[in-house]
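# Architecture at a glance
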Amino acid sequence: MPRYTLLALPLTALAASLTVLAPAQPAAAGQCDGSATALKIINAGRTTFRTTHESGVVDEATANKDINQAASGLAARRSSYGTAPGGSVCLNTAMLTGLYNMTAAYRLSISEIAGGSHTAGSRHYAGKAFDVATIGGRIADASNPQFRDLMASCRKAGAVEVLGPGDAGHDTHVHCAW
């Protein structure tokens, strides 16, 4: 039978070796508005939210985690790589309402909300934007016959920034921001 030795470290050495992780932003239930709308989006079952980033970076700021945080009344996490500022943000209720209204007409896959790395100062970082990766199960690129209609729907829902195929950096997704 193997014999194990207990290693004793002085308390100061142990404390120096620990890394304390604090939440990006303290968030208590009910801190953010829009939880009912986020929950309606999830329960409608017509929108999926990615659990990974296109970049391949692994963090706690995926679209799936962001929408679930919002549904719980909590701030959504932002990524902290590239130009992303880290921390967390409440998702904008007008943006959530716009997304919910689009679920009646489209089956969508959302690739990013507050997470990911975007241009500096992106509305994603303010919790006011989402990226649509697929519409009706097809990539949201120029070959998808629904991408222009979706962009028009975003504008009609109040989006002030709508980018998609043909716009720089948006050949494979539609970006809608409030």
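Anything mentioned here points back to the structure above.
Attention here is on the structure that accompanies the text. Quick caveat, the model's predicted, so the values are computed rather than measured. (Residues numbered from 1 in each chain as written. Predicted model: local features only at pLDDT ≥ 70, side-chain atom pairs only at ≥ 80, totals over all residues. Heavy atoms only, no water.)

Let's shift gears to the state of the cysteines. One way to say it: the disulfide is the covalent bond shared by the sulfur atoms of two cysteines. Applying the stated criterion to the full structure yields two disulfides. Two residues share a disulfide in this structure: Cys32 and Cys90, whose sulfurs sit 2.0 Å from each other. The disulfide joining Cys32 to Cys90 has a torsion of about -65 degrees about its S-S bond and is therefore left-handed. Separated by 58 residues along the polypeptide, Cys32 in the loop between helix H1 (11–17) and helix H2 (35–44) and Cys90 in the loop between strand S3 (88–89) and helix H4 (93–102) bring together distant segments of the chain. Two residues share a disulfide in this structure: Cys154 and Cys176, whose sulfurs sit 2.0 Å from each other. (Disulfide = S-S within 2.5 Å. Helix = DSSP H or I, 4+ residues; strand = E, 2+ residues; numbered from the N terminus.)

Our next topic: the packing of H2 against helix H3 (residues 63–71). Interhelical geometry of H2 versus H3 gives an angle of 130 degrees and a closest axis separation of 7 Å. When the interaxial angle is binned, H2 and H3 end up oblique. Packed against H2, whose contacting residues are Ser35, Ala38, Leu39, Ile41 and Ile42, the element H3 presents Ile67, Asn68, Ala70 and Ala71 at the interface. (Axes fitted to C-alpha atoms, helices over the stretch in contact; angles between N-to-C directions. Parallel < 35°, antiparallel > 145°, perpendicular 65-115°, else oblique. Contact = heavy atoms within 4.5 Å.)

All right, on to the pairing of strand S4 (residues 108–112) then. By the criterion of burial, S4 is predominantly enclosed, with five of the five residues buried. Judged from the four bridges that link them, S4 and strand S5 (residues 129–135) form a sheet pairing that is antiparallel. Looking at S5, one finds that Ser109 is bridged to Thr134. (Buried < 20%, exposed > 50% of the residue type's maximum accessible area, 1.4 Å probe, protein only. Pairing = 2+ DSSP bridges.)

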